[in-house]
Amino acid sequence: MEKQKSFESLVEAFEGKLTDADRELINIILGEPSEAVYLSSAELASKAAVHASTVVRLARKLGFDGFPDMRRKLRQDVEV
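A brief report on the enclosed structure follows. None of these values were measured; they are calculated from a predicted model.

The rules behind the values
- Residues numbered from 1 in each chain as written.
- Predicted model: local features only at pLDDT ≥ 70, side-chain atom pairs only at ≥ 80, totals over all residues.
- Heavy atoms only, no water.
- Helix = DSSP H or I, 4+ residues; strand = E, 2+ residues; numbered from the N terminus.
- Buried < 20%, exposed > 50% of the residue type's maximum accessible area, 1.4 Å probe, protein only.
- Core = buried A, V, L, I, M, F, W, Y, C linked by side-chain atoms within 4.5 Å.
- Contact = heavy atoms within 4.5 Å.
- Axes fitted to C-alpha atoms, helices over the stretch in contact; angles between N-to-C directions.
- Parallel < 35°, antiparallel > 145°, perpendicular 65-115°, else oblique.
- Nonpolar A, V, L, I, M, F, W, Y, C, P; charged D, E, K, R; others polar.
- Expected span 1.5 Å × (residues − 1).
- Arc of directions from axis to C-beta.

Despite not being glycine, Ala49 has its phi angle at roughly 60°, a positive value. Within the secondary structure, Ala49 is located in the loop between helix H4 (41-48) and helix H5 (52-61). Here Ala49 falls in the exposed class, since its relative accessible area comes to 71%.

Below, the structure is given as structure tokens:
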């Protein structure tokens, strides 16, 4: 069985395709992962000073169904 990739490795795979707003969100998430898992998409967007839809677009760009799916993955990473 293949080991699931970490959120950070998923991000690295998209490095050349990330916008400045994407990178700002990722900096917040990876800088404070144990806090980020409890934020709503609107709260995360506010911390990164981006529009809430940017959070959903980033999640989809990284292959998630949406923000809740991405947040679930982050929680798994934090719990490990």
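Right, let's talk about the nonpolar core for a bit. Counting 23 residues, the largest nonpolar core has Phe7, Leu25, Ile29, Leu44, Leu62, Phe64 and Met70 as the members making the most contacts within it. The set of elements that each furnish at least two residues to this core consists of helix H1 (7-13), helix H2 (20-31), H4, H5 and helix H6 (67-79). The element best represented in this core is H2, accounting for 4 residues. Not counting the four nearest positions on each side in its chain, Leu44 is found in contact with Leu25, Ile28, Ile29, Leu39, Val55 and Phe67.

Contact pair H2 / H5: the axes reach a minimum separation of 10 Å and the direction vectors enclose 90°. In this view, H2 runs roughly perpendicular relative to H5, as classed from their interaxial angle. Facing Ala21, Asp22, Leu25 and Ile26 of H2, the residues of H5 in contact are Thr54, Val55, Leu58 and Lys61. Looking at the contact of H2 with H5, its residues break down into 5 nonpolar, 1 polar and 2 charged.

The terminal C-alpha atoms of H6, which comprises 13 residues, lie 18 Å apart, in line with the 18 Å expected from a rise of 1.5 Å per residue. Residues of H6 that are buried: Phe67, Met70, Arg71, Lys73 and Leu74. Projected down its long axis, H6 shows its buried positions confined to an angular sector of 155°, all on one face. Among the structural elements, H1, H2, H4 and H5 are those in contact with the buried residues of H6.

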